[in-house]
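Listed below, chain by chain, are the residues.
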Amino acid sequence: MNEVGAPAGSANRKSGLRAARRLCDAAGVIHRLEFRRYRLAFRLPLRTAHGPWGEREGVLVRLTSAAGVAGYGEAAPIPWFGTETVDEVEAACRDLGEHVPDDRLDAVPAELGCLRNALAAARAPVAPPPADPSPLGVAALLPAGRAAPGVAATKGEAGFRVFKWKVGVATVADELGLLDDVCAALPPGAKLRLDANGAWDRRQAERWLERCAERPIEFLEQPIAPDAPGASDLLLGLAADYPTPLALDESLVGEKDLERWLGAGWPGVYVVKPALWGDVAAGLQRLAQARAAVVFSSALETAVGAQAALRAAWAWTGPRRALGFGVWPMFVDSRCDGPHAGPFLRREDIERINPEDVWNALS
Ligand code: MG
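The rules behind these values
- Residues numbered from 1 in each chain as written.
- Predicted model: local features only at pLDDT ≥ 70, side-chain atom pairs only at ≥ 80, totals over all residues.
- Heavy atoms only, no water.
- Helix = DSSP H or I, 4+ residues; strand = E, 2+ residues; numbered from the N terminus.
- Buried < 20%, exposed > 50% of the residue type's maximum accessible area, 1.4 Å probe, protein only.
- Contact = heavy atoms within 4.5 Å.
- Lys, Arg positive; Asp, Glu negative; His and termini not counted.
- Charge placed at Lys NZ, Arg CZ, Asp CG, Glu CD.
- Pairing = 2+ DSSP bridges.
- Axes fitted to C-alpha atoms, helices over the stretch in contact; angles between N-to-C directions.
- Parallel < 35°, antiparallel > 145°, perpendicular 65-115°, else oblique.
- Domains from an automatic or database assignment.
- Buried area = accessible area lost by both parts, 1.4 Å probe.
- Salt bridge = Lys/Arg side-chain N within 4 Å of Asp/Glu carboxyl O.
- Polar contact = N/O pair within 3.5 Å; in protein donor to acceptor, adjacent residues only side chain to side chain.
- Donors = N, O, S within 2.8 Å, 3.2 Å for Na, K, Ca; no water.
- Core = buried A, V, L, I, M, F, W, Y, C linked by side-chain atoms within 4.5 Å.

**A few points about the overall build of the chain**
Item 1. Check the secondary structure of the chain and you find 13 helices and 13 strands.
Item 2. By its C-alpha atoms, the chain is 70 × 40 × 40 Å across when sized along the principal axes.
Item 3. Relative to its 363 residues, the chain shows a buried fraction of 50%.
Item 4. Nonlocal contacts in the chain, meaning residues at least 24 apart in sequence, comprise 68% of its contacts between residues at least 6 apart.
Item 5. The positive charge centre, built from 41 side chains, and the negative charge centre, built from 46, are 4 Å apart in the chain.

Right, dumping it as C-alpha cells:
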C-alpha cells in the first residue's frame, strides 16, 4: 500500500503551501491529492476467460480543496478489458504530486480513463440529483452450471425478479440441457439474463439464440469475444437475425467504443460499467440522446467506486433496468463492500456509504 501526501513536517508544509499558492495564481484551484493503492482478496475467486481472479487491485484517491472539503474516488481498472493498469494509475498519481491545480487534473490523458473517473468523483463529492429517487432492482447472480436452478429458486423466494446466469463455461449441449431447469426455477414473470463473456463462435451463439426465443430471456450478453475475427459484424448480424436482444459488455470498453456502436446503430443493450469510463456523465448523455437501452454494472470495485457508479445509475433518465450490482458481500475485508445485495437497492443505502471508512480501512 502506498500513499503520498502523508502529513509533512511544518517547514515542508509551509513551502508546499507557498508553492501551492503560486500555482493557484497561475492555474486556478489547488487540490491536495493523496492516494492509496489496495489489494483486496475476493471471498470466492472469480472464474473468468483469463483464468481465476482472486484479488482486486486498485487505487483510492482523496482530493482536499483549499476550504478543507475532501472528496474520494476509486480507480479500479480491468486491464484485460482494455483499461490502463494499476501500476499506470499509481505512477500517474505520483507524477501529479501532492498539490495539484485544476488544469493538471483536467490534463490527465484519456488513456487513464479509470484514474480520470476517480479524480472526477473526488472533485465532485456531492451526489447529482436523482432522476427518480425510488429503489432500483438488482439482478441476482446465478452460479455457472448445475447449481444454477437451486440458487434461482432460493433467490426467487428472497424476492429477486431478474436473474443473471453465467454461461459459456461448459459445453453448449450441457448448458442448453440446463436452460429449461433454470427457467422453471424462476418465479412467475421473472427475466433471465445470460452472459457468455465472449465464449462462443457464431454457430454456438446461433444454437443458443434459437433456444432463447419464447423463453423469458431479457438479453444475451456478449456471445462473441470482442477480439474474434469480424466480431462487430457478427454481433450486428446476430442481433438482426434473432428476437432475443443482445448486450455489449466486453465490446464496450469505456467510451472508447461508444461512438462506434452508436454509429453502427447497435439495436441491443449497452452494459455500462461506470468505473471503467473516464467521463461517465458525457458518455451517458450520448446514450440518453440515442435513447439507448442501458444496464449499469459493477466492475467489482470497493464501496467508494460503487457509490459513484450507482449515483450515475440514479441520475440516468432513460428506462430503468435491474442493476448488475448483485455482488456483495464480495471481499474478505467486508469493510470495503457496498450494501449487501437484496432484490432492491435504495438510494439511501448508497448515500450512506462513507468513503472515508474504506479509506481508513485501507491504511
Ligand atoms: Mg458481462
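**Considerations on the environment of Pro-216**
Item 1. In this structure, Pro-216 sits in the loop between helix H7 (202-212) and strand S9 (217-221).
Item 2. By relative accessible area, Pro-216 is classed as partly exposed at 28%.
Item 3. Residues Pro-216 and Pro-188 lie 28 residues apart in sequence; the distance between their C-alpha atoms is 9.9 Å.

**Brief notes about the pairing of strand S1 (residues 30-48)**
Item 1. Across three bridges, the pairing between S1 and strand S4 (residues 99-101) is antiparallel. In the sheet register, Ile-30 faces S4, and the bridge partner there is Pro-101.
Item 2. Alignment of S1 against strand S2 (residues 51-64), held across 13 bridges, turns out to be antiparallel. Bridge pairing links Arg-32 to Thr-64 in S2.

**A closer look at the packing of helix H6 (residues 172-185) against H7**
Item 1. It is at 11 Å that the axes of H6 and H7 come closest, and there the two elements cross at 10 degrees. Here H6 lies roughly parallel to H7, going by the angle between them. For the pair H6 and H7, contact is made by Val-172, Ala-173, Glu-175, Leu-176 and Leu-179 and by Gln-204, Arg-207, Trp-208 and Arg-211, respectively.

**Some words on the domain arrangement of the chain**
Item 1. One can read the domain layout of the chain as domain 1 (10-123) and domain 2 (136-354).
Item 2. The interface of domain 1 with domain 2 comprises 24 residues on the first partner and 26 residues on the second.
Item 3. Overall, the association of domain 1 and domain 2 removes approximately 2000 Å² of surface from exposure, summing both partners, and the carbon and sulfur fraction of that is 67%.
Item 4. Inspection of the domain 1/domain 2 interface yields zero salt bridges.
Item 5. Summed over the shared surface of domain 1 and domain 2, the result is nine residue pairs in polar contact (both at pLDDT 80 or more).

**Notes on the coordination of the magnesium ion**
Item 1. For the magnesium ion, every protein donor is listed as Asp-195 (OD), Glu-221 (OE) and Asp-249 (OD), and the spread of their distances is 2.0 to 2.3 Å.
Item 2. Within one chain, the residues donating to the magnesium ion are spaced in sequence as D-x25-E-x27-D. Here Asp-195 is found in strand S8 (residues 191-195), whereas its partner Glu-221 is found in strand S9, with 26 residues between them in sequence.
Item 3. Judged by its relative accessible area of 3%, Glu-221 falls in the buried class.

**Regarding the sheet that holds S4**
Item 1. Pairing within the open sheet is antiparallel, and its four strands lie in the order S3-S2-S1-S4. Only two strands of the sheet have a single neighbouring strand rather than two, namely strand S3 (70-75) and S4. When the angles between neighbouring strand axes are averaged without regard to direction, this sheet yields 40 degrees.
Item 2. Where S2 and S3 come together, six bridges link them in antiparallel fashion. Each bridged residue has a counterpart across the sheet, and for Val-59 the counterpart in S3 is Ala-75.
Item 3. Across the sheet, helix H4 (residues 113-123) lies against S1, S2 and S3, angled at about 160 degrees from S3, the strand it touches most.

**Details of the nonpolar core**
Item 1. If you look at the biggest cluster of nonpolar residues, it comprises 106 residues, and the most contacted ones within it are Val-61, Trp-165, Leu-192, Trp-208 and Leu-287.
Item 2. At eight residues, helix H11 (residues 303-315) tops the list of elements feeding residues into this core.
Item 3. Each of domain 1 (10-123) and domain 2 (136-354) gives at least three residues to this core.
Item 4. In this structure Trp-208 touches Trp-165, Val-167, Val-172, Glu-175, Leu-176, Leu-179, Leu-194 and Trp-200, once residues within four positions along its chain are discounted.
Item 5. Counting five residues, the second-largest nonpolar core is a separate cluster that includes Ala-247, Val-269, Val-271 and Val-295.

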